[in-house]
Amino acid sequence: MEQDTSIWTEKYRPKKFEGVVGQDEIVKRVTNLTNAMNIPHLLFAGPAGTGKSTLALIVVKELYGDNWRENYLELNASDERGIDVVRQKVKDFARTKPIGNVKFKVIFLDEADALTKEAQQALRRTMENYSSNCRFVMSCNYSSKIIDPIQSRCVILRFKLLERKDVEKRIRLIAEKENLQIDDQGIEALYEDSEGDCRRVINLLQATAAVTNNITPDLVNTLSSTAKPGDVKIVLEYALSGDFLKSKEKLLDVMLRDSVSGSDIIKSIQKEIWGLAIDPEIKVRLTEKTGEIEFRLTEGSDEFIQLEALLASFVMAGRGV
Ligand SMILES: Nc1ncnc2c1ncn2[C@@H]1O[C@H](COP(=O)(O)OP(=O)(O)O)[C@@H](O)[C@H]1O
Ligand SMILES: [Mg+2]
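Keep in mind that what you see is a predicted model, and the values were worked out from it rather than measured. (Residues numbered from 1 in each chain as written. Chains lettered and ligands numbered in written order. Predicted model: local features only at pLDDT ≥ 70, side-chain atom pairs only at ≥ 80, totals over all residues. Heavy atoms only, no water.)

Student: What's the story with helix α8 (residues 184-194) in this structure? I'm lost.
Tutor: Because each turn of an α-helix spans 3.6 residues, side chains separated by three or four positions in sequence point in the same direction. Those residues of α8 that fall on the buried side of the exposure criterion are Gly-186, Ile-187, Ala-189, Leu-190, Asp-193 and Ser-194. Looking straight down α8, one finds its buried side chains confined to an arc of 160°; they lie on one side. Among the structural elements, α7 (164-177), β6 (181-182), α9 (198-209), β7 (214-215) and α10 (217-224) are those in contact with the buried residues of α8. (Buried < 20%, exposed > 50% of the residue type's maximum accessible area, 1.4 Å probe, protein only. Helix = DSSP H or I, 4+ residues; strand = E, 2+ residues; numbered from the N terminus. Arc of directions from axis to C-beta. Contact = heavy atoms within 4.5 Å.)

This is the structure in C-alpha cells:
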C-alpha cells in the first residue's frame, strides 16, 4: 500500500460551511454574521472534536479570502506561557491595520477555559482595549469556566456531540476518497468508540486504514482498544516535568496492561506531541526524534530501550535543553 503521511483530521478538515456536519443552528448563525462582514466576539463552547476550531477557520477564510493569514492570529491558551504572553501577542498583532475590506482582525483563542480567573480578567481588559480593530473568537469545553464579564461580551454558541448520521457523512466521504470499503457495522463501530467526537473517529479510521482497505468492525474494535491517548499524554507529561522514573513506570504499565506494541505507542506519541503545552519549535524537534525512534524500531531495536531514549529527549526538552 502506498504510504500516506498526511494526517486525515487536517486533510479532511472542512474548508467551507457546507462541509460542517451537525451544529445546524450554529452554522446558520455564523454564516449570516460572516456574510454581513461584521462578527461580534464569539465563544464556542462544547466537547472536543465537534467542529469549534474548524468553524473558526472557515469564518476567517470567508471573511478575508486570500488575505486570511495576515488578519488572523491563533493562540492556544494552554500552550502559551501565561497571560502576559497572550497579551503581548495580541498587542503586537492588533497594532497594525487589517488588510482588505474588513474593518477588524480576528484572534482565535483556543481552550480559553485553560486560563485562570485572574488571567481571564486580564484578557477581558485586553478585549476592551482592542475591540475597535479585533474580534475574539474563543473556544472552551465548558462555558461555566469562563468569567461572566467575558461571557457577557460574547455571543455564546454551544456545540453538541455529533450524531451518528453526521459522523457517517464524514466517514463515507473519506472512505470514498481513500478507496476504503466500509459497511454499516464498520461505521457503527467507529461511531460507538468515538461518542460523537469526530477527531477521534477520523484518527481511528486512519489507524485502521493503515492496516487494510477493508474496514471491519472487528479491526476497528481491536485498534480502538490500543493505547488510549490519555495514557500516553500522562507518560509524556511526566517526562516533560522531569520525572523520568514515573514516566517510565507509566509507559511500562500502558504497554503491559493493554499489550500495546512499541510502534503503536510511537504513533500515539506522535499524535500527542501537537497537543502538549510546549513551544512549537520543540514540538518539531520531538516529532523528528520520534520519527527517528520509529525507524530504529522497524530496524529491530529493543522497543523498551528505544522508548526510554525517546522519553529522555522529552525530559531534556522539558528542561529547555
Ligand atoms: N462538525 C464537524 N463537521 C465536519 N468535520 C468535523 C466536525 N467536527 C469535527 N470535525 C473533524 O474533526 C477534526 C477536529 O475538529 P475540530 O474543529 O478541530 O474540533 P474542536 O471542536 O475540538 O475544535 C476536524 O479536522 C474535522 O475533520
Ligand atoms: Mg479545537
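Student: Just to check I follow, could you spell out the site of ligand 1 for this structure?
Tutor: In the region of ligand 1, 20 residues are neighbours, and Thr-9, Gly-49, Lys-52, Ser-53 and Thr-54 sit closest. At 3.0 Å, a side-chain N or O of Arg-13 approaches an oxygen atom of ligand 1. For ligand 1, whose accessible area on its own is 560 Å², the fraction buried by protein is 97%. Within the residue set of the shell around ligand 1, elements represented by two or more residues are α3 (52-64) and α9. Grouping the constituent residues of the shell around ligand 1 by class yields 9 nonpolar, 7 polar and 4 charged. For the shell around ligand 1, the two domains that each supply at least three residues are domain 1 (23-158) and domain 2 (162-224). (Near = heavy atom within 4 Å. Polar contact = N/O pair within 3.5 Å; in protein donor to acceptor, adjacent residues only side chain to side chain. Areas by Shrake-Rupley, 256 points an atom, 1.4 Å probe, with all protein chains shown as cover. Nonpolar A, V, L, I, M, F, W, Y, C, P; charged D, E, K, R; others polar. Domains from an automatic or database assignment.)

Student: How should I be thinking about the nonpolar core in this particular structure?
Tutor: Side chains of nonpolar character tend, in soluble globular proteins, to be buried together. Ile-107, Leu-109, Leu-123, Met-138 and Ile-150 are the most contacted members of the largest nonpolar core, which totals 27 residues. Elements that contribute at least two residues to this core include exactly β1 (41-45), β2 (72-76), α4 (83-95), β3 (105-110), α5 (117-130) and β4 (134-140). When sequence neighbours within four positions are dropped, the list of residues in contact with Leu-123 reads Ile-83, Val-86, Leu-109, Leu-115, Phe-136, Met-138 and Ile-150. (Core = buried A, V, L, I, M, F, W, Y, C linked by side-chain atoms within 4.5 Å.)

Student: Sorry if this is basic, but what is going on with the environment of Arg-125 here?
Tutor: As for its position among the elements, Arg-125 is in helix α5. A relative accessible area of 39% places Arg-125 in the partly exposed class. As for Arg-125 and Pro-98, which are separated by 27 residues in sequence, their C-alpha atoms are 21 Å apart.

Student: Even after reading the chapter, I still don't get the packing of aromatic side chains, so can you show me in this structure?
Tutor: For any pair of aromatic rings, geometry is given as the distance between the ring centres together with the angle between the planes. Here the structure, examined in full by the defined rule, presents 3 aromatic pairs. Ring centres 5.1 Å apart and planes at 50° place the aromatic pair Phe-44 and Phe-159 in the tilted group. Linking Phe-44 in strand β1 with Phe-159 in the loop between β5 (154-158) and α7, this pair joins segments that are 115 residues apart in sequence. Each member of the pair Phe-44 and Phe-159 is classed as buried. Here Trp-68 and Tyr-72 contribute two aromatic rings whose centre-to-centre distance is 6.0 Å and whose plane-to-plane angle is 50°, an arrangement assigned as tilted. Summarising the burial analysis for this pair, Trp-68 and Tyr-72 share the class buried. (Phe/Tyr/Trp six-rings, centres within 6.5 Å; stacked < 30°, edge-to-face > 60°.)

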